[in-house]
Amino acid sequence: MARNKHPEETVNFILDTAFRLFMEKGYERTSIQDIIDHLGGLSKGAIYHHFKSKEDILIAVTDRTTAASNQMLAVIRDREDLTGSEKLKTIFRESICRPVQNEIFTFAPGFRNNPRLLFSLLQDTIKNAAPNYILPIIRQGIADGSIETEYPEQLAELILLAANVWLNPMIFDSTVEESCRKFTVFRQMLQGFGLDIVDQEMLDRLKELTEIYQKNK
């Protein structure tokens with residue numbers, strides 16, 4: 001079946017399969033043969049036609065995972081009807097409430113067992129998401145008076161690293177109670193910068209996702 005697909009569909013099929021196995025088994029414990037065994041007859045040669053190595057597959061999986069999120073960030077960044085702080089609040093709400101989060105947390109990926117994948121995501125945060133999406137919003141907020149900071153670059157990185165890494169129960173195996181405590185500290189930290197941008201609705205959603213992760217890990 002896979003042999004008859006258009007090349008782009010074949011690539012997507014490989015990436016879908018690899019992502020699931022990386023999440024279930026860990027990157028290091030997933031071999032090229034494991035991926036082949038789940039591809040419905042697609043040959044090793046067909047895989048190497050599209051990817052030079054397992055690490056190339058990992059990079060492609062990471063790029064695809066972050067692309068959808070970055071597209072959402074760009075849309076909100078470019079809106080003209082919101083202040084800087086309102087844009088940040090919208091980003092937090094849209095990010096945590098996306099239905100795809102249920103699927104990700106149901107897979108219960110063990111990021112601690114996927115250091116290369118985690119590093120790729122961290123690198124995208126620092127080199128792409130923070131400077132290209134969050135930083136322009138913070139600078140707008142400084143200009144419109146809705147954000148107070150003398151260090152916009154560092155604040156952009158801090159916000160994303162805290163939200164995407166420190167608050168992520170899949171990275172630190174956090175319980176619901178631990179997630180709630182972290183969220184409270186995160187909220188207090190943001191308020192110190194004049195940013196009242198996370199609320200009870202977001203906390204309730206974090207609880208829900210943490211419960212999904214703990215149930216399925």
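This text follows the structure it describes.
Summary of the structure given here. In this text the structure is predicted, and so the values were computed from the model without any measurement. (Residues numbered from 1 in each chain as written. Predicted model: local features only at pLDDT ≥ 70, side-chain atom pairs only at ≥ 80, totals over all residues. Heavy atoms only, no water.)

### Details of the nonpolar core
The line we're drawing: What makes a nonpolar core is a set of buried Ala, Val, Leu, Ile, Met, Phe, Trp, Tyr and Cys residues whose side-chain atoms join them at distances within 4.5 Å. Exposed residues in this analysis have more than 50% of their type's maximum accessible area, buried residues have under 20%, and partly exposed residues fall in between, with area computed by a 1.4 Å probe over protein chains only. Strands are runs of DSSP state E lasting at least 2 residues, helices are runs of H or I lasting at least 4, and numbering of each runs from the N terminus.
Core analysis: the largest hydrophobic core is formed by 63 residues, its most contacted members being F22, I57 and L88. Considering each element in turn, this core owes the most residues, nine residues, to helix α7 (residues 115-144).

### Digging into the packing of aromatic side chains
The relative placement of two aromatic rings is captured by the distance of their centres and the angle of their planes. Definition in use: Between rings of Phe, Tyr and Trp, where Trp is taken as its six-membered ring, a pair exists when centres lie within 6.5 Å; planes separated by under 30 degrees are stacked, by over 60 edge-to-face, and by other angles tilted.
Evaluation of the coordinates by the stated rule reveals one aromatic pair. Both rings, one in F92 and one in F186, keep their centres 5.7 Å apart while their planes meet at 70°; by these two values the pair is edge-to-face. On the criterion of sequence distance, the pair formed by F92 in helix α5 (residues 84-97) and F186 in helix α10 (residues 176-192) is long-range, its members being 94 residues apart. Relative accessible area serves as the criterion here: at 14%, F92 is assigned to the buried category.

### Details of the packing of helix α4 (residues 54-77) against α5
Keep this limit in mind: Geometry is summarised by axes, namely lines fitted to C-alpha atoms with helices restricted to the contacting stretch, and by angles between N-to-C directions that run from 0 to 180 degrees. Angles below 35 degrees are treated as roughly parallel, those above 145 as roughly antiparallel, those between 65 and 115 as roughly perpendicular, and all remaining angles as oblique. Left-handed describes a crossing in which the near helix is turned anticlockwise from the far one by less than a right angle; the clockwise case is right-handed. In what follows, residue pairs with any heavy atoms lying within 4.5 Å of each other are defined as contacts.
Here α4 crosses α5 at 150°, and the two axes come no closer than 10 Å. For the element pair α4 / α5, the angle class is roughly antiparallel. Viewed along their axes, α4 and α5 form a crossing whose handedness is right-handed. Here M72, L73, I76 and R77 of α4 lie close against α5, whose contacting residues are K87, T90, I91, E94 and S95.

### Observations regarding a nonpolar patch on the surface
Heads up, the rule is: To count toward a patch, a residue needs a relative accessible area above 30% and no salt bridge. Like charges then connect within 9 Å, nonpolar side chains (Val, Leu, Ile, Met, Phe, Trp, Tyr) within 5 Å. Here, Shrake-Rupley sampling with a 1.4 Å probe gives the accessible areas, and only protein chains in the shown set may cover a residue. We define a salt bridge as a contact between a side-chain nitrogen of Lys or Arg and a carboxyl oxygen of Asp or Glu at a distance within 4 Å.
Where nonpolar side chains cluster on the molecular surface, the patch consists of W166, F172 and V185 and spans about 270 Å² of accessible area. Here F172 is to be found in helix α9 (residues 169-172).

### Regarding the side chain of T30
Heads up, the condition is: Identification of polar contacts relies on pairs of N or O atoms within 3.5 Å, with a donor-acceptor requirement for protein atoms, meaning one able to donate a hydrogen and the other able to accept it, and with residues adjacent in sequence counted only if both atoms are side-chain atoms.
Examined against the element boundaries, T30 turns out to sit in the loop between α1 (7-25) and α2 (32-37). Within the structure, T30 has its side chain in polar contact with the backbone oxygen of L21 (distance 3.3 Å). Setting aside residues no more than four positions away along its own chain, T30 makes contact with L21, F22, K25, I35 and K54.

### Focus on α1
Where we set the bar: Multiplying 1.5 Å by the helix residue count minus one yields the expected span of that helix.
Across its 19 residues, α1 extends 27 Å between first and last C-alpha, which sits within 8% of the 27 Å expected from 1.5 Å per residue. Buried within α1 are the following residues: T10, F13, I14, L15, T17, A18, F19, L21, F22 and M23. Two residues or fewer after α1 comes G26, characterised by a positive phi angle close to 95°.

### Topic: the pattern of salt bridges
Tallied over the full model, the rule gives nine salt bridges. A salt bridge links R64 to D16, with the nearest nitrogen and oxygen atoms 2.6 Å apart. Residue R64 is located in helix α4, and its partner D16 is located in helix α1; the two are separated by 48 residues in the primary sequence. With a relative accessible area of 34%, R64 lands in the partly exposed category. In this structure, the salt-bridge partner of R93 is D199, at a minimum N-O distance of 3.0 Å. Residue R93 is located in helix α5, and its partner D199 is located in the loop between α10 and α11 (200-216); the two are separated by 106 residues in the primary sequence.

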